[in-house]
Amino acid sequence: MTQLPTLRQLQFLLALAEHGSFSRAAESVFVTQPTLSAAIKELEAILGVVLVERGARGATLTPAGEAALSRARRVMTEAEDLVVAAQGAGEPLCGPLKLGVIPTIAPFLLPRVLPTVRRKFPKLELYLREDLTHRLYDALLERRLDAALVALPFEAAMIETHVLGSDEFLFCCEPSHPLAQHANLKSADLIDEPLLLLEDGHCLRDHALAACSAGRVRTDFSATSLHTLVQMVKAGLGATLLPRMAVEAGLVDQLDLAVRPFDPPIVGREIGIAWRRGSARADEARQLGDVIRSLLKMPV
């Protein structure tokens, strides 16, 4: 009968890959360095390959180690899914849940919903990670995240989503701007208007370009966050489009900027929750999304 690695050995390999040092890896999993080192040698013996290059500056994985690491991560996640699924059968949304959030949602949505989520699910332990959409989707596929709050549409294989509501765009400019005098704008009003947008990589930029193609984008300036973007507008560098969610959360408060809606509204994006297809946390992700949707009361 083929001898199989233990979950403990795989856990030690993951820790070693993360920390690059036998001593730090041992500390992270609460064992002694000799214990961890012996377990890695046993794993290498079972697999018949060298997994780790040991040197004075630390430990690095060999190509065989990298290949084993990828499979070890999946095995450990499946084991965690087994535990979560068994526990969730009795009581959903309890225990640890790793949730990703994109930067154009996190500071405006989380303060509104987290207190209620914590009260409603006192046994839920949320671990939050803020990052760009494509990185969050990679983390979902690699099972480093259980779910993610994202802006849609955003196509990705093996990812399922649940729409929570729509978020319209509002026009933001200085009070002296000619369009600030309009109570309601038309998308055609933005023809040849130089717009400041977030830098490439932010899905909000793509959504703004898709929703309002009449505008002209300033290519000599871009921002990495909405907070920086409104400061650019305040400095007289141009106008921009902002999601209503951010404005209602106070993004432009006390900046003396004009914010105007469009008639009809320009729906810039949909807010949704995403998870890996086949995930044991799929039902919980959907349930968490429904709770957030009820709190946001955004149009669907």
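Because the structure is a prediction, the values reported are computed rather than measured. (Residues numbered from 1 in each chain as written. Predicted model: local features only at pLDDT ≥ 70, side-chain atom pairs only at ≥ 80, totals over all residues. Heavy atoms only, no water.)

### Points about the confidence of the model for the chain
Defined as follows: Across the chain, each position has a pLDDT score giving the predictor's confidence in that residue, from 0 to 100. A helix here means a DSSP run of H or I that spans at least four residues, while a strand means a run of E at least two residues long, and both kinds are numbered starting from the N terminus.
Per-residue confidence for the chain averages 88 on the pLDDT scale, and 93% of its residues sit at or above 70. Confidence, expressed as mean pLDDT per element, reaches its minimum in the chain at strand β8 (residues 216-217) with 60 and its maximum at strand β10 (residues 258-260) with 96.

### A word on helix α8 (residues 226-234)
The line we're drawing: We call a residue buried when its accessible area falls under 20% of the maximum for its residue type, exposed when it is over 50%, and partly exposed in between, using a 1.4 Å probe and counting protein chains only. This arc is built from the directions going out from the helix axis to the C-beta atoms.
Those residues of α8 lying buried are Leu226, Leu229, Val230, Met232 and Val233. Projection of α8 onto a plane perpendicular to its axis shows the buried side chains occupying an angular sector of 150°, all on one side.

### What about the pairing of strand β4 (residues 124-130)?
Spelled out, the test is: If DSSP finds at least two bridges between two strands, the strands pair. If the strands point away from the viewer and the path from the first strand over the helix to the second runs clockwise, then the crossover is right-handed.
Across seven bridges, the pairing between strand β3 (residues 95-101) and β4 is parallel. Of the residues in β4, the one forming a bridge with Gly95 is Leu124. The β-α-β motif built from β3, the intervening helix α5 (residues 106-120) and the parallel element β4 has right-handed crossover chirality.

### Some thoughts on the environment of Leu195
Inspection of the secondary structure assignment puts Leu195 in strand β7 (residues 194-196). A C-alpha to C-alpha distance of 9.9 Å links Leu195 and Leu209, two positions 14 residues apart in sequence.

### Considerations on the pattern of salt bridges
Oppositely charged side chains can form a pair if their charged atoms are brought close together. Formally: The term salt bridge refers to a side-chain nitrogen of Lys or Arg lying within 4 Å of a carboxyl oxygen of Asp or Glu.
Counted by the stated rule, this structure contains 11 salt bridges. A salt bridge links Arg269 to Asp167, with the shortest nitrogen-to-oxygen separation between them at 3.1 Å. Of this pair, Arg269 sits in strand β11 (residues 266-276) while Asp167 is found in strand β6 (residues 159-173), placing the two residues 102 residues apart along the sequence. Assigned by exposure class, Arg269 and Asp167 land together as buried. Across the salt bridge formed by Arg244 and Glu248, the nearest N and O atoms sit 3.5 Å from each other. With Arg244 and Glu248 both in helix α9 (residues 244-248) and four residues apart, this pair spans about one turn of that helix. Given the relative accessible area of 54%, Glu248 is considered exposed. The network of salt bridges with shared partners includes Arg129, Asp131 and Arg135.

### Points about the packing of α5 against helix α10 (residues 282-296)
Applicable threshold: The axes used here are C-alpha line fits, helices contributing only the stretch in contact, and every angle between their N-to-C directions lies in the interval 0 to 180 degrees. Just so you know how the angles are binned, under 35 degrees is roughly parallel, over 145 roughly antiparallel, 65 to 115 roughly perpendicular, and the rest oblique. Two helices cross in a left-handed way if the nearer one is turned anticlockwise from the farther one by less than a right angle. They cross in a right-handed way if the turn is clockwise. Should any heavy atoms of two residues lie within 4.5 Å, those residues are considered in contact.
Relative orientation of the contacting elements α5 and α10 amounts to 120°, with a least axis distance of 10 Å. Classified by the angle their axes make, α5 and α10 are oblique. When the axes of α5 and α10 are compared, the crossing they make is right-handed. Here α5 contributes Leu109, Arg112, Val113, Thr116, Val117 and Lys120 to the contact with α10, which in turn contributes Leu288, Val291, Ile292, Leu295 and Leu296.

### Focus on the state of the cysteines
Under the convention used in this document: For this text, the term disulfide refers to a pair of cysteine sulfurs within 2.5 Å.
Summed over the entire model, instances satisfying the criterion amount to zero disulfides. For the unlinked cysteine Cys173, the closest cysteine sulfur is that of Cys172, found at 6.6 Å. On the basis of relative accessible area, Cys173 is assigned to the buried category, the value being 1%.

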